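What follows is each chain in one-letter form.
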Amino acid sequence: MPSHLFADRPAQPPEPGSVDALISQTRRLRGGVDAVRRDTVVDDDDVQGRWQRALCDLAVHHLDGLREHLDQLKEGLPPAPALEGLPEPGPEADAETAVQTRVGSAEWNLLTDEVTWSEELFQIFGRSLEAGPLPLDELGSTLFSEDQPLLTAMVTACLVDGKPIDGEFRIVRADGRVRTLHMRGEPVLDSDGCAASMWAVLRDVSELRRSQRAVRESRDSLQRRREIAQTEHRLAVELQEAVLPPWRGSLRLPRGNTGALDVAAHYLPSASSTLIGGDWYDALELADGCSLLTVGDLTGHGVTATSGMAMVLGALRGMAMAGIEPGPLMGWLNQLLEASAQPALGSAVCCRYDPARRTLSWAQSGHPAPLLFRGGAARALVPPEGVLLGATSGAAYGQAEEQLEAGDVLVLHTDGFSSRSTGAVRSTGTERLLALASRITAARSAQDCLRMVVEEFGEGEREDDACVLVARIAD
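Residues numbered from 1 in each chain as written. Predicted model: local features only at pLDDT ≥ 70, side-chain atom pairs only at ≥ 80, totals over all residues. Heavy atoms only, no water.

Caption draft 1: A look at the packing of aromatic side chains. The full count for this structure, using the stated rule, is 2 aromatic pairs. Judged by centre distance (5.3 Å) and plane angle (65 degrees), the ring pair of Trp-117 and Phe-122 falls under edge-to-face. Feature note: the residues Trp-117, Phe-122 and Phe-125 constitute an aromatic cluster, connected by ring pairs. It is Arg-170 that lies over the ring of Phe-144; its NZ or CZ is 4.4 Å from the centre. (Phe/Tyr/Trp six-rings, centres within 6.5 Å; stacked < 30°, edge-to-face > 60°. Lys NZ or Arg CZ within 6 Å of the ring centre and 35° of its normal.)

The following block contains the structure:
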């Protein structure tokens, strides 16, 4: 129907070439968006992927609607449908065209009560041609009851005040389907300025609105996920800071004794800095004058991992203070993880250093062995028997002993140190640490040794967080 306020206003047809160009551009753009949509891989847990896919769907719906409008613009004003003698479409054809058809037009003549609907509008309403178009006063019978006042207000304002119609409502088709329609229309005035008829264009925007809802819901879900992740990250950081040793810089254990340890330690976050894991380190002076050295890691990230780490480290400190040797201590930690409400796997190394004899008793549970640096060389200590904590019920853990000398340096680390490739050579984190032997043995303090390690591994190459503890036997 013509979009004019006065019946004598001439319509200006568009240039055919310009419309064809727009149609070609729309089709190319639609193909590009559809290709992006196909390449978007979405699974049930990928909130951001679902949001991107919903945006692509919404863009496709917009482009499809634009192409239909341009096609109609190219074809020009369609003739009024002849209602008599046309066969009624079957249910299969009606179901197919209902999906494809999105725009229909209508005109209600207030002087003759004649009603004209385009064929597309019959399809949108799911109404047969034999049933004829709906008069204006019966149109509201197809609407949801809560939407009927809106249609009444729009039609009244159009016919009485000459205001254009622009609004949406929901209809229930004859086959029971619910569709959302957007209606735009204007009155056609006679020479006295009174409404002689009303035309309207109705567009089925059901899929468009469904896509918009999907975009909103996925965006809101993504925002909630981000807020939850930020909260959990903050809690994990605060819990980690509360549990790990409060001392910074160097620590001397035990204080003032011959053969004491000069200790320094550091936590290295992951490259993304968002993965707070269950890594720990600790150095503690025990009641009998010995010293505890430990590093370890629980599987997982976030609050669950850091809370589990807090439980394990607290138990480890208490049992070490009670005089339990490293081997039996590992066995108790294994039972603790088995009985935990949140089962987890973990690896750890636990060392007990006797400054009077300069001996190191230690045990491990599937963890990288301590590295011993002496006289410009370095080696990994031979590990005693031990499996991952929480992996096997009733596991036995062996205990080894190492005689240390003045000037020796021990490096304990978690497995978060990544491998690095240089040309055709691939070196592990342990190999890179051992390669620092000459520099570490020449250092005069544990803090200097730690600084070398951090310089080697602190450039953001790690996919996981890590802890390193350096202990130097005083001269």
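Caption draft 2: Here's a closer look at the pairing of strand β7 (residues 261-268). With 7 of 8 residues buried, β7 is to be regarded as a mostly interior element. Taken together, the 4 bridges between strand β6 (residues 250-253) and β7 define a ladder with antiparallel strand orientation. Opposite Leu-253, over in β7, you have Leu-261 as the bridge partner. Of the pairings in the sheet, the one linking β7 to strand β18 (residues 466-473) comprises 8 bridges and is antiparallel in character. Pairing of Leu-261 across the sheet is with Ile-473, part of β18. (Buried < 20%, exposed > 50% of the residue type's maximum accessible area, 1.4 Å probe, protein only. Helix = DSSP H or I, 4+ residues; strand = E, 2+ residues; numbered from the N terminus. Pairing = 2+ DSSP bridges.)

Caption draft 3: Structural view of the pattern of salt bridges. The full count for this structure, using the stated rule, is 20 salt bridges. Across the salt bridge formed by Glu-207 and Arg-210, the nearest N and O atoms sit 2.6 Å from each other. A residue pair is termed a helical-turn pair when its members lie 3 or 4 positions apart in one helix, as Glu-207 and Arg-210 do in helix α6 (residues 206-243) at 3 residues. When its relative accessible area of 29% is taken as the criterion, Glu-207 is described as partly exposed. The exposure class assigned to Arg-210 is partly exposed, which follows from its relative accessible area of 38%. Three or more residues joined by partner-sharing salt bridges are found here, namely Arg-179, Asp-204, Glu-207 and Arg-210. (Salt bridge = Lys/Arg side-chain N within 4 Å of Asp/Glu carboxyl O.)

Caption draft 4: Just the packing of α6 against helix α7 (residues 303-321), in detail. Two numbers describe how α6 lies on α7: the axes approach to 8 Å, and their chain directions differ by 15 degrees. The orientation of α6 with respect to α7, classified from their angle, is roughly parallel. Crossing hand, α6 versus α7: left-handed. Counted together, Glu-232, Leu-235, Ala-236, Leu-239, Gln-240 and Val-243 of α6 and Val-303, Thr-306, Ser-307, Met-309, Ala-310, Leu-313 and Arg-317 of α7 form the full contact between these two elements. A breakdown of the residues in the contact of α6 with α7 according to their chemical character gives 8 nonpolar, 3 polar and 2 charged. (Axes fitted to C-alpha atoms, helices over the stretch in contact; angles between N-to-C directions. Parallel < 35°, antiparallel > 145°, perpendicular 65-115°, else oblique. Left-handed = near helix turned anticlockwise from the far one by under 90°. Contact = heavy atoms within 4.5 Å. Nonpolar A, V, L, I, M, F, W, Y, C, P; charged D, E, K, R; others polar.)

Caption draft 5: Looking closely at the state of the cysteines. Taken as a whole and judged by the stated rule, the model has 0 disulfides. You can see Cys-350 has no disulfide; the closest cysteine sulfur is in Cys-351, sitting 6.7 Å from it. (Disulfide = S-S within 2.5 Å.)

Caption draft 6: Just the pairing of strand β15 (residues 409-413), in detail. Within β15, 5 of the 5 residues are buried, which leaves the element mostly enclosed by the surrounding structure. Residues Val-409, Val-411 and His-413 of β15 are buried on one face, and the alternating residues Leu-410 and Leu-412, pointing to the opposite face, are buried as well. Alignment of strand β12 (residues 371-374) against β15, held across 3 bridges, turns out to be antiparallel. Residue Phe-373 lies in a different strand from β15, and its bridge partner there is Val-409. Pairing analysis gives 5 bridges linking β15 to β18, with the strands arranged antiparallel.

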